[in-house]
Amino acid sequence: MTQPRTLSAPQEAILEAGISHPDPAAYTMVNAIIVDGVPAKALRQAATGTAARHDALHWILNLDDRYRISAGLGPTLIPAEETDLRSLDPADAIATVEAWMATQRAAAYDIWGSGPRIRFALFHLPETPSGPSTVCALMTHHLYTDEHALQLLWTEIVRRAGIPPISAPISPDLRYGRWAEASTSAAAATSARTAAEAVAQRCQTHETRPYPEYLERLPAPNGYGQQARALGPVDTADVSARLSVGPAAVYVAAVAQAVAEQTGHGRIVLHMPMSLRRTAAEAGIVGCFVASAPLPIRLEPTGDRLVQHCQQALNFASRHAHARPGLLSRSVGRPQISLAIEQPVTTRRLGPVTWSSFAAPNAGPKHPLSLQLSASATGPGRLRASWTSASLTQEQAVDLLERTTDHLNRLTAKG
């Protein structure tokens, strides 16, 4: 009999949030890359072989006799669906993939089933001058992976696809299971409680719900709004060097200024996904390490001071990202505004093979207001908002994105 696995602290938090979320597809993950220069057969074998190696991608949820969540193992053989789009015009082929991804993203993931925990799909695109072109897509649940882990998977898949098949048996990677068990130990639980108390104290004088709910406007089931703005190149190098801050501090400052102006609250709490990977070894583990960290922000009189304050807030949030979610929800409240900093689409190369991220399909909000910001110094980015119909109006959302964009441009202006 397979030894049960222990869910990690981030997995427990996601499981709880997913069960209580009104949208059953809130934590469904769909991700894809376009790969040029690799035969489809090699890519298919690489995808299934990579998935088989990572133990954390095969945990099936069940309840033990004391109603504690544990995990057994599901099938390691991951079939890959294939669709031939080579007869289509390139633009039509991409549109077909986009429509498929949007459909998958809106579908609820059967987290309690016994089938594969991750599924792959290959789309054969019209050939390019460099040879075959294929979209490799995967579908899973946020319980099994985070954004960083997805990039680890894609890199391993491309590397495997570019080398001759390995006949030796694949050794399973059990590192996430060991980390998960440590994250729920007695010592970890004590540290998580201490962190939650520190966060609650820091958030005490801040407005955790700056946007009042429009209770007279009854939302439709799963109803939400979406708005996006394309961003030109955003170069934070000058301000980062001058103030000794990271790019994320500049992005947070722009959002904080916009929210403060729109709501009239000078002390707010944003929530940001943060990784609990702390070591170089953990940076190479596939699994879910992400926690939602409260980010108490105080509006400062100048842009420079605000950016520096935001960097301090990010440092504090990172040190306390392991805070126990249940204690935070009672003391700080459920997240209202979340801000995710995403990587812009880039092209990567490994030998003769190139691959780039496929644009992710739009998704509904995990919180009343969810913001996703991707930016690059050399290329286009995007600022997207999704919100429940009881939290913002369309006009408010458009105004928020315009204000954020304006502040982002001011903060990064040279001279």
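Rules and cut-offs
- Residues numbered from 1 in each chain as written.
- Predicted model: local features only at pLDDT ≥ 70, side-chain atom pairs only at ≥ 80, totals over all residues.
- Heavy atoms only, no water.
- Core = buried A, V, L, I, M, F, W, Y, C linked by side-chain atoms within 4.5 Å.
- Buried < 20%, exposed > 50% of the residue type's maximum accessible area, 1.4 Å probe, protein only.
- Helix = DSSP H or I, 4+ residues; strand = E, 2+ residues; numbered from the N terminus.
- Contact = heavy atoms within 4.5 Å.
- Expected span 1.5 Å × (residues − 1).
- Phe/Tyr/Trp six-rings, centres within 6.5 Å; stacked < 30°, edge-to-face > 60°.
- Disulfide = S-S within 2.5 Å.
- Axes fitted to C-alpha atoms, helices over the stretch in contact; angles between N-to-C directions.
- Parallel < 35°, antiparallel > 145°, perpendicular 65-115°, else oblique.
- Left-handed = near helix turned anticlockwise from the far one by under 90°.
- Nonpolar A, V, L, I, M, F, W, Y, C, P; charged D, E, K, R; others polar.

Trainee: Help me out: how do you make sense of the nonpolar core in this one?
Mentor: If you look at soluble globular proteins, the nonpolar side chains tend to sit buried side by side. Among the nonpolar cores identified, the biggest contains 92 residues, and Phe120, Tyr176, Val252, Leu295, Ile297, Leu369 and Leu371 are the most heavily contacted of them. Sorting elements by how many residues they give to this core places helix α8 (residues 247-263) first, with ten residues. Setting aside its immediate chain neighbours within four residues, phenylalanine 120 contacts Ala47, Ala51, Ile78, Pro79, Ala80, Glu81, Cys136, Ala137, Leu138, Trp154 and Ile157. In terms of nonpolar packing, the next biggest core, distinct from the first, is built from 15 residues, Ala32, Val97, Met101 and Phe123 among them.

Trainee: Please explain helix α9 (residues 303-319) as it appears in this structure.
Mentor: With 17 residues, α9 should cover 24 Å at 1.5 Å per step; its first-to-last C-alpha distance of 24 Å lies within 8% of that length. Listed in full, the buried residues belonging to α9 are Leu306, Val307, His309, Cys310, Gln311, Ala313, Leu314, Phe316 and Ala317. In the core, the buried residues of α9 are packed alongside α6 (186-203), α7 (237-243), α8, β8 (267-275), β9 (290-298) and α11 (394-412).

Trainee: Can you help me understand the environment of isoleucine 33 in this one?
Mentor: Within the fold, isoleucine 33 resides in strand β1 (residues 28-36). Here isoleucine 33 falls in the buried class, since its relative accessible area comes to 1%. In this structure the C-alpha to C-alpha distance between isoleucine 33 and threonine 134, which are 101 residues apart in sequence, comes to 8.2 Å. Contact partners of isoleucine 33, with chain neighbours within four places excluded, come to Thr134, Val135, Cys136, Trp154, Val158, Trp355, Ser356, Ser357 and Phe358.

Trainee: Where do I start with the packing of aromatic side chains in this structure?
Mentor: How two aromatic rings sit relative to each other is given by the distance of their centres and the angle of their planes. With the rule as written, the count across this model stands at six aromatic pairs. When the centroid spacing of 6.5 Å and the interplanar angle of 50° are considered together, the rings of tyrosine 109 and tyrosine 144 count as tilted. One end of the pair, tyrosine 109, is in the loop between α3 (90-105) and β5 (119-128); the other, tyrosine 144, is in the loop between β6 (131-141) and α4 (147-161), and 35 residues separate them in sequence. Of the two residues examined, tyrosine 109 and tyrosine 144, each falls in the buried class. When the ring of tyrosine 176 is compared with that of phenylalanine 289, the centres are 5.2 Å apart and the planes differ by 75°; the resulting orientation is edge-to-face. Of this pair, tyrosine 176 sits in helix α5 (residues 175-183) while phenylalanine 289 sits in the loop between β8 and β9; the two residues are 113 residues apart in sequence, bridging distant segments of the chain. Judged by its relative accessible area of 1%, tyrosine 176 falls in the buried class. The class of phenylalanine 289 is buried, set by a relative accessible area of 0%.

Trainee: Is there a simple way to explain the state of the cysteines in this structure?
Mentor: A covalent bond between the sulfur atoms of two cysteines is what we call a disulfide. Counting across every chain of the model gives zero disulfides. With no disulfide of its own, cysteine 310 lies 14 Å from the sulfur of cysteine 203, the closest cysteine sulfur. Taking the relative accessible area as the measure of exposure, cysteine 310 reaches 0% and is therefore buried.

Trainee: How should I be thinking about the side chain of aspartate 173 in this particular structure?
Mentor: With respect to the helices and strands, aspartate 173 occurs in the loop between α4 and α5. Once you skip the residues sitting within four places of it in the chain, aspartate 173 turns out to touch Arg53, His54 and Asp55.

Trainee: Help me understand the packing of α8 against α11, please; the structure alone is not making it clear to me.
Mentor: Think of two packed helices as two axes; the pair is described by the angle between the axes and how far apart they sit. Where α8 meets α11, the closest approach of the two axes is 8 Å, and the angle between their N-to-C directions is 135°. Taken together, the axis directions place α8 and α11 in an arrangement best described as oblique. Crossing hand, α8 versus α11: right-handed. Facing α8, whose interface residues are Val250, Tyr251, Ala253, Ala254, Val255, Gln257, Ala258, Val259, Glu261 and Gln262, α11 presents Gln396, Asp399, Leu400, Arg403, Thr404, His407, Leu408, Leu411 and Thr412. Per-class residue counts for the contact of α8 with α11 are ten nonpolar, six polar and three charged.

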